[in-house]
2 protein chains.
Amino acid sequence: MPGRKQTVSGLRIADVAKMANVAPITVSRVLNQPEQVKESTRNRVLKVIEETGFVPNQNAGALASNRSRLVAVLVPMLTNPLFSDTFQAIAEQLAANGYQVLLGISGYEAKQEQELLDVILSRRPDGIILTGTVHTEPSRKRLRATGVPVVETWDVSDSPIDMLVGFSHEEVGRRVAHHLFGQGYRHFALLSVDDPRGKVRAQAFLETLQSHGITDVVHHSFTELPALEQGREGLTRILETDSAPRVVVCTSDTLAHGVLTEAASRHLKVPEQVSVFGFGDMSFAAHTFPPLSTVRIDGKRLGQLAAAALLRRLKNGDHDIVNDDIGFTLIDRHSTRVQTP
Amino acid sequence: MPGRKQTVSGLRIADVAKMANVAPITVSRVLNQPEQVKESTRNRVLKVIEETGFVPNQNAGALASNRSRLVAVLVPMLTNPLFSDTFQAIAEQLAANGYQVLLGISGYEAKQEQELLDVILSRRPDGIILTGTVHTEPSRKRLRATGVPVVETWDVSDSPIDMLVGFSHEEVGRRVAHHLFGQGYRHFALLSVDDPRGKVRAQAFLETLQSHGITDVVHHSFTELPALEQGREGLTRILETDSAPRVVVCTSDTLAHGVLTEAASRHLKVPEQVSVFGFGDMSFAAHTFPPLSTVRIDGKRLGQLAAAALLRRLKNGDHDIVNDDIGFTLIDRHSTRVQTP
DNA sequence: ATGAAAGCGCTAACAT
DNA sequence: ATGTTAGCGCTTTCAT
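Here's what I pulled together on the structure shown here. All values reported here derive from a predicted model rather than from experimental measurement. (Residues numbered from 1 in each chain as written. Chains lettered and ligands numbered in written order. Predicted model: local features only at pLDDT ≥ 70, side-chain atom pairs only at ≥ 80, totals over all residues. Heavy atoms only, no water.)

1. Thoughts on the environment of A:K111
Move 1: Inspection of the secondary structure assignment puts A:K111 in helix α6 (residues 110–121).
Move 2: The spatial distance from the C-alpha of A:K111 to the C-alpha of A:S28 is 41 Å, given a sequence separation of 83 residues. (Helix = DSSP H or I, 4+ residues; strand = E, 2+ residues; numbered from the N terminus.)

As structure tokens, this is what we get:
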């Protein structure tokens, strides 16, 4: 006999149906379209479900209905707090709408993501939310071919796979450069971690400074995930190179926090002796000493919009083109000075 | 006609089988037990799979085989960085062994977890990893009844549901109290967030101090998630109450970091004027200014052990009793002083 | 408003 | 080493 009983309560829909004196399909309707069932019948069925602790098998449901109620969410890394607000918001929204989250850790390499994708697709998710817009060509092709609704996040793209909610990292780099130049800063240092989007920000930042004639930017790049430690080490290295007053721009608030810490430990005055600019406006940024000037990204909102776009597609079947640039804001706190030096 | 085609590539196993001149079951074997298929046959099938981009439907597979290859991981909150190392380690281990992670956000209330559980069980996961050992009685019953392998984490228990990998929060509270008392501290303040396990640590800490005759502990509890902001506010409040030199014990490194920050902003010398003790040994703890004395929890190892215990059960079907206390270590850095005052 | 029959795509069990 | 058959538990379609 192929297959074996696979129930939580020892019951299948058919068993519940018998106990409630209805056909299996009626139980199914009570579970999925309760309004289609007469109240008295519905209550009878619900009572049996309640009493027996019956839990339906969604794998069977997915197979029969071609709807898995699963949404795959791919993030590069769980330990990077930058994404956690977004991820949390996505997961909450989806759960509230009856979808479950299938997690994929894609790393920061498009190739790794590609391999993950087949594993993910084998669950037939009803939707996929990706971090970033850098994917291999096979990945893009496959996703387009399957027709699964896809939302790319945390970046912009000229040719999104499907829907997109993000912001421009190039623009971030440019705006930060202009902003600080406009405030009178002329001596810059850059601390970056080499994730794909951080690289774009760093690159755009450097190019914009070049256009202002500034080419002597001290630049240190780290291969590890952003951490306080790298920020401290970064400032140390910068000071070895050049002790002139300058502003240290970081591709992550965590790095910037490290710079502030190292400055404090050296009794350097911020922003007078060193200024610091971050990225992310993570929860701590407003509360460092001194409070950190940074680029505010509303990660929670990003997540909510991404989930909402997907849910609209899933629920209403509409086919709106979604390409939201949620933008960002430059926030001047006290780790930089507004006056011209 | 019930059901509709649900494929990624437009193909089912049956189609691949025809193209490779084998029976469907042979394709299935190539996918699941490749060593059972003769190399030449296997290569022929793999070639067809490769060329067509066939991706099997795991929902169907799960239904037929009664193995979903899904492991549900329930965490209270994605935005609490304390768990992210553990979660990341779990997800990596599982992925490396062919399991996918179904995410559940359980919040800090057992009741909320209970509701989530039915949704999770409807996917028939092959295993479940829970955070904490506080669950409702219906939850425990249901989990035991289904027989799904369960690993509880991040705590200890006299009556685990099944397997367990954690450490004692009571013991943490006690040890921290003894430790600081032993170093000569007599004036204590406590900053806590009211998550269930933090409460236990705080409680045990206070009771132990009482047993040493210390009852005048200034205690502030926050309802929000631990954040730098609360730590700063906490120290501010403590100083309003009492400006005598003391040690501030925090149920989270994040809180402790906030205390250090507030101290720096007030030009208070740490540890001379205020000492600080944290919990977690999160990545930044060794790099704050001054470096933070704290309780080291090896969250990554915890995750690896939890995943490994589950995988042993899933792969070998063994039924070892797993009840690992991974312990913790008190680390004296420079935010406390070792000398008697 | 409810039901009967068929089938979703895959694999367990039993052949050969 | 490979194939045949039946069925996993559910929902679609069509009927009443």
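That was the structure; now back to the text.
2. Brief notes about helix α9 (residues 196–211) of chain A
Residues and elements named next belong to chain A.
Move 1: Between the first and last C-alpha of α9 there are 23 Å, a value that for 16 residues agrees with the 22 Å anticipated at 1.5 Å per step.
Move 2: Of the residues making up α9, those classed as buried are R197, G198, R201, A202, A204, F205, L206, T208 and L209.
Move 3: Regarding α9, its N-cap is D195, as a side-chain oxygen of that residue lies 3.2 Å from the backbone nitrogen of R197 further along.
Move 4: Positive backbone phi, at 85°, marks G213, one or two positions downstream of α9. (Expected span 1.5 Å × (residues − 1). Buried < 20%, exposed > 50% of the residue type's maximum accessible area, 1.4 Å probe, protein only. Polar contact = N/O pair within 3.5 Å; in protein donor to acceptor, adjacent residues only side chain to side chain.)

3. Overview of the packing of aromatic side chains
Move 1: The tally for this structure, following the rule as stated, stands at eight aromatic pairs over all chains.
Move 2: Taken together, a centroid distance of 6.4 Å and an interplanar angle of 40° make the contact between B:F167 and B:F279 tilted. You can see B:F167 sitting in the loop between β5 (163–166) and α8 (169–182) and its partner B:F279 sitting in the loop between β9 (274–277) and β10 (294–296), a full 112 residues away along the chain. Of the two residues, B:F167 and B:F279, both sit in the buried class.
Move 3: Here the aromatic cluster, defined as three or more aromatic residues joined through ring pairs, consists of A:F83, A:W154, A:F167 and A:F279.
Move 4: If you follow A:R186 out to its NZ or CZ, it ends over the ring of A:F181, 3.7 Å from the centre.
Move 5: Over the ring of A:F279 we find A:R201; its NZ or CZ atom is 3.7 Å from the centre of that ring. (Phe/Tyr/Trp six-rings, centres within 6.5 Å; stacked < 30°, edge-to-face > 60°. Lys NZ or Arg CZ within 6 Å of the ring centre and 35° of its normal.)

4. Regarding the environment of B:H220
All names here are of chain B.
Move 1: Residue placement: H220 occurs in strand β7 (residues 218–222).
Move 2: Between the C-alpha atom of H220 and that of Q114, which follows or precedes it by 106 residues, the distance is 30 Å.
Move 3: Residues in contact with H220, not counting those within four places in the same chain, are L190, L191, S192, G234, R237, I238 and T241. (Contact = heavy atoms within 4.5 Å.)

5. Some thoughts on the interface of chain A and chain B
Move 1: Counting residues at the interface gives 53 residues for chain A, matched by 53 residues for chain B.
Move 2: The contact between chain A and chain B buries some 5,200 Å² in all, and 57% of this surface belongs to carbon and sulfur atoms.
Move 3: Looking only at chain A, the three residues that lose the most surface to chain B are A:N59, A:R123 and A:R124, adding up to 15% of its buried area.
Move 4: Linking chain A with chain B are 24 residue pairs in polar contact (both at pLDDT 80 or more), by the criterion used here.
Move 5: Counting residues per element, the ones that place at least two in the side of chain A that touches chain B are α4 (58–65), α5 (84–96), β2 (100–105), α6, α7 (137–146), α10 (228–241) and α11 (253–265) of chain A.
Move 6: With six residues, the single largest contributor to the side of chain A that touches chain B is α4(A). (Buried area = accessible area lost by both parts, 1.4 Å probe.)

6. What about the relation of the copies chain A and chain B?
Two chain copies, one operation linking them: a rotation about an axis together with a shift along it.
Move 1: Rotating chain A by 180° about the axis while translating it 0.1 Å along that axis superimposes it on chain B, leaving an RMSD of 0.1 Å. Such a combination of rotation and displacement between the chain copies is what one expects of a two-fold axis.
Move 2: The overlap is high: 100% of the interface residues of chain A also sit at the interface in chain B, so the same surface is used on both sides. (Least-squares fit on C-alpha atoms with pLDDT ≥ 70 in both.)

7. A short note on the pairing of β9(B)
Residue and element names in this part refer to chain B.
Move 1: Across the two faces of β9 the burial is the same, with V274 and V276 and S275 and F277 all buried.
Move 2: Alignment of strand β8 (residues 246–250) against β9, held across four bridges, turns out to be parallel. When the sheet's bridge partners are listed, V247 is paired in β9 with S275.
Move 3: With helix α11 (residues 253–265) bridging β8 and the parallel β9, this β-α-β connection has right-handed handedness. (Pairing = 2+ DSSP bridges. Right-handed = clockwise from strand over helix to strand, strands pointing away.)

8. Considerations on the sheet that holds strand β3 (residues 127–131) of chain A
Move 1: Judged by pairing direction, the sheet is mixed, and its twelve strands sit side by side in the order β11(A)-β5(A)-β4(A)-β3(A)-β1(A)-β2(A)-β2(B)-β1(B)-β3(B)-β4(B)-β5(B)-β11(B) without closing on themselves. The two strands at the open ends of the sheet, each matched to only one other strand, are β11 (323–325) of chain A together with β11 (323–325) of chain B. Taken over all neighbouring pairs, the strand axes of this sheet differ in orientation by 20° on average, direction set aside.
Move 2: Relative to strand β5 (residues 163–166) of chain A, strand β4 (residues 150–153) of chain A runs parallel, the two being bridged by three bridges. Residue pairing for β5(A): A:E152 is matched across the bridge by A:L164. (Axes fitted to C-alpha atoms, helices over the stretch in contact; angles between N-to-C directions.)

9. Quick word on the sheet that holds strand β8 (residues 246–250) of chain A
Residues and elements named next belong to chain A.
Move 1: One open sheet holds the four strands; their spatial order is β7-β6-β8-β9, and the pairing between them is parallel. In the strand order of this sheet, the two ends are held by β7 (218–222) and β9 (274–277), each with one partner. On average, each strand axis in the sheet is inclined to that of its neighbour by 15°, with strand direction left out of account.
Move 2: Taken together, the five bridges between strand β6 (residues 188–193) and β7 define a ladder with parallel strand orientation. Bridge assignment links L191 to a residue of β7, and that residue is H220.
Move 3: Along the sheet, α9 makes contact with β6, β7 and β8, crossing β6 at roughly 165°.
Move 4: Packing against the sheet, α10 makes contact with β6, β7, β8 and β9, and its axis sits at approximately 150° to β7.

10. Points about the packing of α6(A) against α7(A)
Residue and element names in this part refer to chain A.
Move 1: The N-to-C vectors of α6 and α7 enclose an angle of 25°; their axes lie 9 Å apart at closest approach. As summarised for this structure, α6 and α7 are arranged roughly parallel, according to the angle between their axes. In the crossing of α6 with α7, the sense of the turn from one axis to the other is left-handed. Along its contact with α6, which presents E113, Q114, L117, D118 and L121, the element α7 presents P138, S139, R142, L143 and T146.
Move 2: Considering only residue class, the contact of α6 with α7 consists of four nonpolar, three polar and three charged. (Parallel < 35°, antiparallel > 145°, perpendicular 65-115°, else oblique. Left-handed = near helix turned anticlockwise from the far one by under 90°. Nonpolar A, V, L, I, M, F, W, Y, C, P; charged D, E, K, R; others polar.)

11. Regarding the pattern of salt bridges
Residue and element names in this part refer to chain B.
Move 1: Scanning all chains against the criterion turns up 24 salt bridges over all chains.
Move 2: We note a salt bridge from E51 to K47, for which the minimum N-O separation is 3.7 Å. Of this pair, E51 and K47 both sit in helix α3 (residues 39–52), four residues apart, which is roughly one turn of the helix.
Move 3: A salt bridge links E233 to R237; the shortest N-O distance between them is 2.7 Å. Here R237 and E233 lie together in helix α10 (residues 228–241), a separation of four residues that amounts to about one turn.
Move 4: For E233, a relative accessible area of 33% puts it in the partly exposed group.
Move 5: On the accessibility criterion, R237 (29% relative accessible area) is partly exposed.
Move 6: Connected via shared salt-bridge partners are D281, R296, D298 and R333. (Salt bridge = Lys/Arg side-chain N within 4 Å of Asp/Glu carboxyl O.)

12. Looking at unusual backbone geometry
Residue and element names in this part refer to chain B.
Move 1: Cis geometry marks the peptide bond from V270 to P271, where omega comes out at 10°.
Move 2: A positive phi angle is found at N66, which is not glycine, with a value near 60°.
Move 3: Tracing the backbone through its elements, the reader meets N66 in the loop between α4 (58–65) and β1 (70–75).
Move 4: The exposure class assigned to N66 is partly exposed, which follows from its relative accessible area of 30%.
Move 5: With a phi close to 70°, W154 is a non-glycine residue in the positive phi region.
Move 6: In this fold, W154 is placed in the loop between β4 (150–153) and β5.

By themselves, these observations are geometric and do not establish any function.
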